[in-house]
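Read off the chains here:
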Amino acid sequence: MNPKPLTDLSQLCIHTITTKPWSIEEAVKNFTNAGVCGITVWRDTLDGRNIRKTGKLIRDSGLEVVSLARGGFFPNKEKSKRKEAIEDNLKAIEEAHELGAPIIVLVCGAEPAQSLEESRKQIHDGIAEILPTAKKAGVKLAIEPLHPMYADTRSAINTLGQANDMACELNSPFVGVAVDVYHLWWDPDLEQEIKRCGSSGHLMAFHVCDWNVPTNHFLLDRGLMGEGCIPISKIRSWVEEAGFTGFNEVEIFSEKFWRQDQAKFLNKIITAYKENT
Ligand code: ZN
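Below is a summary of the structure that appears in this document.

Comments concerning the side chain of E95
- Within the secondary structure, E95 sits in helix α3 (residues 79-99).
- E95 sits in the buried class, given a relative accessible area of 10%.
- If near-sequence neighbours (up to four positions away) are discounted, E95 is found in contact with R43, I51 and L68.

Rendered as structure tokens:
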């Protein structure tokens, strides 16, 4: 089934990292003027700001705060480092609460000096430890599975199946999953796992961009929707069939686009959103 075309921008959210050269104030102003309706805030853009005031600035401009990015990075061989990670995640929860962000996206982390199984156990325990604070703050935690090329240091959770399993184990309305097409498009079980994620009530976020062919950099060469090989509309149709009605979040890390005029890049994003998402 083909998804309905995205004729308006009511479900368009952009991550601040996508237009990295802009400050949060510039992003808010330019997104609003362009008709974008949601923003996912990366924590670095809040440095030196009064977070409550920044949240109010965003809402007053008419934008919805969709998520705060990012928490996670739980695994480490050293207990003291795992404790530091917990503290940083508690801080992120406080920031999300002050900002008025309902969700924190978790890039869960991995430790190359130990097995992926051990890292996953530490991720599970880390989320379980911060969960009571998240619940109290009214902030949900979205586990984002990352492409297996990041299994060395960025995430030991690499498939939607693994993220779904962990969300089910943690069994809380405050734990769910973020589906990012960049990380998951290759998975033969994707359609099934999106269904499962939706029916278990865990589908909290949907991120889009494209996979460049060839990809020149593991981290900083994501493409604009339509430039690469990801069947984005098809995946969006699965997500919508699974009951998701939230934002389509454009999350692009790209040295190439960051070097360009960001106002022109924003226009390209909006065109690519309407035509290729
Ligand atoms: Zn993402």
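Structural notes on the sheet that holds strand β7 (residues 203-208)
- Around the barrel, eight strands lie side by side as β1-β2-β3-β4-β5-β6-β7-β10; this closed barrel has parallel pairing. Sheet twist, expressed as the average angle between the axes of neighbouring strands with direction ignored, equals 30 degrees.
- Here α3 sits on the sheet and contacts β2 (38-42), β3 (64-72) and β4 (103-107); the angle it forms with β3, its principal contact strand, is near 175 degrees.
- Strands in contact with helix α5 (residues 160-170) are β5 (140-143) and β6 (175-180); relative to β6, the strand with the most contacts, it is inclined by about 165 degrees.

Notes on the pairing of β5
- Across four bridges, β4 lies against β5 in parallel orientation. Within β5, the position partnered with V105 by the bridge is A142.
- Once you follow β4 into helix α4 (residues 116-137) and on to β5, the crossover reads as right-handed.
- Relative to β6, β5 is paired through three bridges, and the arrangement is parallel. Within β6, the position partnered with I143 by the bridge is V177.

A word on the pairing of β3
- Most of β3 is tucked away, with seven of its nine residues classed as buried.
- For the crossover from β2 across helix α2 (residues 51-60) to β3, the handedness is right-handed.
- Where β3 and β4 come together, four bridges link them in parallel fashion. Of the residues in β4, the one forming a bridge with L68 is I104.
- For the crossover that starts at β3, traverses α3 and ends in the parallel β4, the hand is right-handed.

Considerations on the environment of K268
- Mapped onto the fold, K268 is located in helix α10 (residues 262-276).
- Residues K268 and D187, spaced 81 residues apart in sequence, show a C-alpha to C-alpha distance of 28 Å.
- Not counting chain neighbours up to four residues away, the residues in contact with K268 comprise L224 and Q260.

Focus on the pattern of salt bridges
- All chains considered together, the criterion is met by 14 salt bridges.
- In this structure, R196 and E193 form a salt bridge, with 2.8 Å as the shortest nitrogen-oxygen distance. Taken as a pair, R196 and E193 lie in helix α7 (residues 190-199) at a separation of three residues, close to a single helical turn.
- R196 sits in the partly exposed class, given a relative accessible area of 28%.
- By relative accessible area, which is 14% here, E193 ends up buried.

The rules behind the values
Residues numbered from 1 in each chain as written. Predicted model: local features only at pLDDT ≥ 70, side-chain atom pairs only at ≥ 80, totals over all residues. Heavy atoms only, no water. Helix = DSSP H or I, 4+ residues; strand = E, 2+ residues; numbered from the N terminus. Buried < 20%, exposed > 50% of the residue type's maximum accessible area, 1.4 Å probe, protein only. Contact = heavy atoms within 4.5 Å. Pairing = 2+ DSSP bridges. Axes fitted to C-alpha atoms, helices over the stretch in contact; angles between N-to-C directions. Right-handed = clockwise from strand over helix to strand, strands pointing away. Salt bridge = Lys/Arg side-chain N within 4 Å of Asp/Glu carboxyl O.

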